[in-house]
Amino acid sequence: MSTPPTTAPSTTGLSTGDDLGAFATIRRGVGYSPELAEGLWGTLLLAVVASVGQVVVPVAVQQTIDRGLGADGGPDVGYTTLMGVLAGVAVVLTSVSSYLMTRRLFITSERGLATLRIKAFRHVHDLPLLTQNTERRGALVSRVTSDVDQVSQFLVFGGLLFVVSLGQIVVATIVMVVYSWQLALVVWVCFAPLFASLRYFQRKLTLAYGVVRRQVGQMLSAVSEPVVGAAVVRAYAVEERTQTRIDDAIDEFKAASTRAQGFTAFSFSLGGVSAGLANAGVIVIGVWLAPGHLFGGDSGRISAGTIVAFAFLVTLFVGPVQMGTQILTDAQNALAGWRRVIGILETPADLVDPGEDGQRLPRGPIEVRFDDVTFAYPAGPPVLHGISLDIAAGTRVAVVGETGSGKSTVAKLLTRLMDPTEGRVLLDGIDLRDVRTRALRRSVVLVPQEGFLFDDTLAANVRYGRTDASDADIAAAAVEIGLGDWLDALPRGVHTLVGQRGESLSAGERQLVALLRAQLADPDLLVLDEATSAVDPALEMRIGRALERLMSGRTSVTIAHRLSTAEAADEVVVVDRGRIVQRGPHDVLVGQEGSVYAGLHASWVAQQGTVAAGRG
Amino acid sequence: MTTHAAQHASLDPTEASAEPNGRPATTIDGLQVLGVAIRREPWVFTLSTLGSVLFGALTVADAWVLGWATDHVITPAFAARDAREAVGAGLLWAVLALFLGVALLRAVGIVARRLGAGIMQYRMQAHSRRAVTRQYLALPMSWHQRHPTGQLLSNANADVEATWGPIAPLPMAVGTIAMMVIAVAQMLLTDVVLAVIGLFVFPAVIVTNVVYQRWSAPWATRAQQLRAEVSEIAHESFDGALVVKTLGREGEETERFAERAHALRDANIKVGLYRAAFDPALAALPNIGVLVVLAVGVHRVLTGSSDAGDVVTVAYLLTIVSFPIRSIGWLLGNFPASVVGYRRVRSVLDATGSMPFGAVAAPSTGRGARLEIDGLGYDYPSGSGKGAASLLDDVSFAVEPGRTVALVGATASGKSTLVNLVSRLVDPDAGTLRLDGVDLRDLARGELAGAVAVVPQQAFLFDDTVRGNVTLGADVCDDDVWTALRAAQADGFVAALPHGLDSRLGERGTSLSGGQRQRISLARALVRRPRLLVLDDATSAVDPEVEARILAALRDGSTGESRPSLLVVAYRKATIGLADEVVHLAEGRIADRGTHAELLGRSPAYAHLVNAYEEER
Ligand SMILES: Nc1ncnc2c1ncn2[C@@H]1O[C@H](COP(=O)(O)OP(=O)(O)OP(=O)(O)O)[C@@H](O)[C@H]1O
Ligand SMILES: Nc1ncnc2c1ncn2[C@@H]1O[C@H](COP(=O)(O)OP(=O)(O)OP(=O)(O)O)[C@@H](O)[C@H]1O
Ligand SMILES: [Mg+2]
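Residues numbered from 1 in each chain as written. Chains lettered and ligands numbered in written order. Predicted model: local features only at pLDDT ≥ 70, side-chain atom pairs only at ≥ 80, totals over all residues. Heavy atoms only, no water.

A. Structural context of the interface of chain A and chain B. Of the residues lining the interface, 177 residues belong to chain A; the matching set on chain B comes to 183 residues. A buried area of about 16,300 Å², summed over both sides, lies between chain A and chain B, and 67% of it is on carbon and sulfur atoms. Joining chain A to chain B, the criterion identifies 7 salt bridges. Between Arg-227 of chain B and Asp-149 of chain A there is a salt bridge; the shortest N-O distance is 3.4 Å. In this structure, the connection of chain A to chain B is made through 33 residue pairs in polar contact (both at pLDDT 80 or more). Per element, the largest residue contribution to the side of chain A that touches chain B is 32 residues, and it comes from helix α9 (residues 239-288) of chain A. A class-by-class count of the residues in the side of chain A that touches chain B yields 88 nonpolar, 53 polar and 36 charged. (Contact = heavy atoms within 4.5 Å. Buried area = accessible area lost by both parts, 1.4 Å probe. Salt bridge = Lys/Arg side-chain N within 4 Å of Asp/Glu carboxyl O. Polar contact = N/O pair within 3.5 Å; in protein donor to acceptor, adjacent residues only side chain to side chain. Helix = DSSP H or I, 4+ residues; strand = E, 2+ residues; numbered from the N terminus. Nonpolar A, V, L, I, M, F, W, Y, C, P; charged D, E, K, R; others polar.)

Structure follows, in structure tokens:
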């Protein structure tokens, strides 16, 4: 499939795990879900009992026929009864042990897979921001949902039947050898081509199902995008185009699945042919082994009863072989899913957390230093070029610059959402890479450009900032940053439901919640990336004044297009095309004629003043 | 989560009315779902069933060939003193040919059956997915706001998959029935008494299954519901990954997910435990049948009512049937999940409230459109934030052709809501909106979007190229795309992208900065040359200089009435300054309207709102 070129980072993509072989996949899978191996021996023991039992019944039948019914001088009732009771016991034993085995399998696989699901989910959050962005949400969701479901289907139904089938094949083979090793050999020879071709089909199927699982991810993405962007789709009346895109994804999935099914069907049908061959072989060779025939010698090496019994045994052999082939082929779907989940776990986690060895940041205002920092997004040109910057503890800094100049990138580096390509970012003199992630998140909080709220109450969203905050704490914090009136006006106050992504609130209100959340988190370094861009000027100024008060004793970095923020800051940093071109207090910078800041400010003032000159 | 709560878990709390009694899934329901599939894909079904019948018939033929071989080959070979004389090479060849012929035909049957079942299953999945996603696109915004994305994903994926799960074993089961009919007929012909005894297996299978359905259906329902919830949490959590990361909430998010994942695990285990009992019971039944037949058979042979060969045949036929009987078990085993999935899918398909359209075409006047808002009232179903009064109440104003109106109001005063009404994402509770005199509700589908372009407050970009995002599939030449990009001040950075217009922007435009995204979204509106352009605070992430240039570009070009009419939501005075009229929205009503200067002069509230920055200085 040829995809158009992308500017999205590609080098940091998620591992697909495509290169893992079947056994490697299972081994790693079990490694991630140790529950799967729990009590395995017991389960296997039960499987052996179950499969032995399934062979005992027909053997008993054969015995009954050969020696009970067909005994010289009429049926031997005693013997028949004995065999019947034996078979009855075998049936009960088989059923009970296969019940116990299935039960165990269900419990261990579901437990193991829940663990896998959760680990994978956690790992998605531990992935670097940029890696998260390489895979679409729909596809990520499919990895922790339907991909895992496929594995579960396989482990529970496939895995169980496969073990039983293998067991039955072994037992059937043993019994066949006991009856006649020659005929047993014949059966195996007839099946040899099937066993030999399995490897080839496995390879084909691995590829085919790898595509299938990928298509599921793409399909989910195709479905989720217009659901999330429902408003745009409607406002622009592009339902048809959107549907076409979805339909394409649906059809591609269908085509991929059908293709894989084709391989499955064909490889399965080989089993049937082998079975016919085996039946014929047993009879032909069996007859040759009869007295006086080709290999029979004088007395023969075999009895008619043996051949008839063998016909039974061949069905016993063929059934599990076909089942096993089917499971192996179906398993490819599951393995492909398993690989994708493992792929997440094998993608290196975040910007390595030094963990316990890492340093903590002392409480209190934080001093920030950028030391010759260069940053390039994967597969892109550098967007920051050798930035050096000192921000003294406790100061309020405004970062301004044209759109796309790299301000948000600075904010993301400062909060270690990404590591610099070159250079270092230091907080209180400690390289960010040496700070424990927990400690970092505790002390440094970013309010990103596009705030995201969870589909819950306002209070629950604010508690993302501080888990133990009471409703009263939240109300108090709101008053502190000048949002008391707003909160009071909400009909359900802090219990207002914000809707998906916060969409039941206005854009400005969403930003207010994000601010409140950050305020409660009580950070030592607060980074605001256009955190009030959608808030009305009067409210923004009110918040600004409140924050000013609250920020005393903390360091704050504010990115804003409204230069009112810059005017109020202790220091202004001007970013232009990835470089810091100016810094200093507002008053000084404005005075620097012809400078970037003077230009920005002039147009800001012009905007404010347009009115005087404008129509009116 | 206790067992109790689980038993009573409804399909979907918000859809409770659509599924009033939440009946337990029965075998009949399962068959009905299959009926839907069979009616939809009769040919594929027929093909795969024929394949399966062929397979079944030939499996029985296998037994017949074996019998024939026993009589004509094996027995004579061992009975004769010299086997070679009794059984010549010709007979042996015949054995080989018969077995192989049967096997090859059977292989054909297998391929037809499996491939057919697969094709049928995937086609049905595709049909359902198309129907479900069409519904997603047709249902109104209000419905979307009530249904989490993750749940909708689950409906389109896991539920559809579960619904058509039984199709895979279906042909096999149908074929098995054919095979059983043949086998049963043969048994009856061989020895009626023994056959009748053997046949008791079948009612036993049915009873076992009914019991199984009863017990496991509630848990299957719950598992399917939990699957949706797990998907919901995953989607939301990954969507908000940035917030989770910046606030270091990975642990708590994982707990939230784990709680549901564990509930799903427990439900799956419950379903599994019933199945663990069901499967062996089903497998044991034919074996028990064989044993009983043998016991009775011996007795009958002793009394001379049957001969030994017949007992063997009946027992053998029962053994043959025993393996495929399990395929019926698999079919039935899939029923609970299938019925539940089907109901969940149906609840989407049956959801009502799609937005009705009229038949009127928007007049193409070649000049700016006239938008007339008359006595507009609106409130969100969940109630507005402003106590008893509606969010929007008796709002009336007009945007005359070619004129610019600025909509100014405090945060949460209802500006975006008004914009949504103009683009007809929602319809008003009271009053009307008219475009060139036509009620928006009377316009045919697509007509409104043809005349009005809205730039939303939050830019939404698709995972597509720059070109795709700007044109949205409309037939627009690259020159026009560039012109629009230039007007939106986006030409510079787009030209700098490695593949220009063909650069992919990543999901929701992740590879762009906030201001860049806004400008692409603006270009998307401009490229359509709308007759009414609505900007909802569409330059908030753009710096003042760029904004000034965008505004200049909007004003350039055409003049007077040929200019598109413009409705802008803005705080910045430069933008407001462009307006011929300012509408000040406060407390859900129009507090005042007039020119900016007039409002400044007479309305302190307005002055405070827009002059906040200067007051500070
Ligand atoms: N994930 C990404 N992958 C590739 N390029 C990116 C990515 N994010 C940003 N960029 C590019 O990096 C540059 C700087 O982006 P950044 O978001 O830092 O700008 P900004 O100054 O914050 O702009 P704005 O004011 O519009 O928010 C832009 O040219 C942008 O296209
Ligand atoms: N889907 C919704 N369901 C319920 N209430 C909503 C919904 N969308 C918005 N509201 C409420 O309606 C009010 C007006 O919201 P709207 O988005 O129209 O405000 P706005 O004037 O555009 O504000 P902003 O300047 O912040 O963008 C708010 O109180 C908001 O909470
Ligand atoms: Mg708004």
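On we go from here.
B. Structural view of the domain arrangement of chain A. What the domain assignment reports for chain A is domain 1 (22-345) and domain 2 (368-615). A C-alpha centroid distance of 56 Å is found between domain 1 of chain A and domain 2 of chain A. (Domains from an automatic or database assignment.)

C. Inspection of the coordination of the magnesium ion (ligand 3) at higher detail. Residue and element names in this part refer to chain B. Taken together, Ser-416 (OG) and Gln-457 (OE1) make up the full set of protein donors to the magnesium ion (ligand 3), lying 1.9 to 2.2 Å away. In this pair, Ser-416 sits in helix α14 (residues 415-422) while Gln-457 sits in the loop between β6 (452-455) and α16 (466-471), placing the two residues 41 residues apart along the sequence. What makes Gln-457 buried here is its relative accessible area of 16%. (Donors = N, O, S within 2.8 Å, 3.2 Å for Na, K, Ca; no water. Buried < 20%, exposed > 50% of the residue type's maximum accessible area, 1.4 Å probe, protein only.)

D. Expanded view of the site of ligand 2. Taken together, 23 residues are adjacent to ligand 2, and Ser-506 and Gly-508 of chain A together with Ser-416, Thr-417 and Gln-457 of chain B come closest. With respect to ligand 2, its neighbouring residues span chains A and B. One nitrogen or oxygen atom from the main chain of Ser-504 of chain A is found 3.1 Å from a nitrogen atom belonging to ligand 2. In this structure, an oxygen atom belonging to ligand 2 sits 2.9 Å away from a main-chain N or O atom of Gly-414 of chain B. Contact with the protein chains removes 94% of the 630 Å² of surface that ligand 2 exposes when unbound. If you list the elements that add at least two residues to the shell around ligand 2, you get α16 (507-521) of chain A together with α14 of chain B. Split into classes, the residues belonging to the shell around ligand 2 amount to 8 nonpolar, 11 polar and 4 charged. (Near = heavy atom within 4 Å. Areas by Shrake-Rupley, 256 points an atom, 1.4 Å probe, with all protein chains shown as cover.)

E. Expanded view of the packing of α9 of chain A against helix α3 (residues 42-79) of chain B. Axis separation between α9 of chain A and α3 of chain B bottoms out at 10 Å; the angle between their running directions is 5°. In terms of their interaxial angle, α9 of chain A and α3 of chain B are classed as roughly parallel. Residues Asn-279, Ile-283, Gly-286 and Val-287 of chain A of α9 of chain A pack against Asp-62, Leu-66, Ala-69, Val-73, Ile-74, Ala-77 and Phe-78 of chain B of α3 of chain B. By residue class, the composition of the contact of α9 of chain A with α3 of chain B is 8 nonpolar, 2 polar and 1 charged. (Axes fitted to C-alpha atoms, helices over the stretch in contact; angles between N-to-C directions. Parallel < 35°, antiparallel > 145°, perpendicular 65-115°, else oblique.)

F. Focus on the nonpolar core. Counting 112 residues, the largest nonpolar core has Trp-338 of chain A together with Tyr-136, Phe-238, Phe-257 and Ile-325 of chain B as the members making the most contacts within it. When residues no more than four places from it in sequence are discounted, the contact partners of Phe-238 of chain B are Phe-121, Val-124, His-125, Arg-137, Leu-140, Val-141 and Val-144 of chain A. Counting residues in hydrophobic clusters, the runner-up holds 71 residues, among them Leu-589 of chain A together with Val-455, Phe-462 and Ala-525 of chain B. (Core = buried A, V, L, I, M, F, W, Y, C linked by side-chain atoms within 4.5 Å.)

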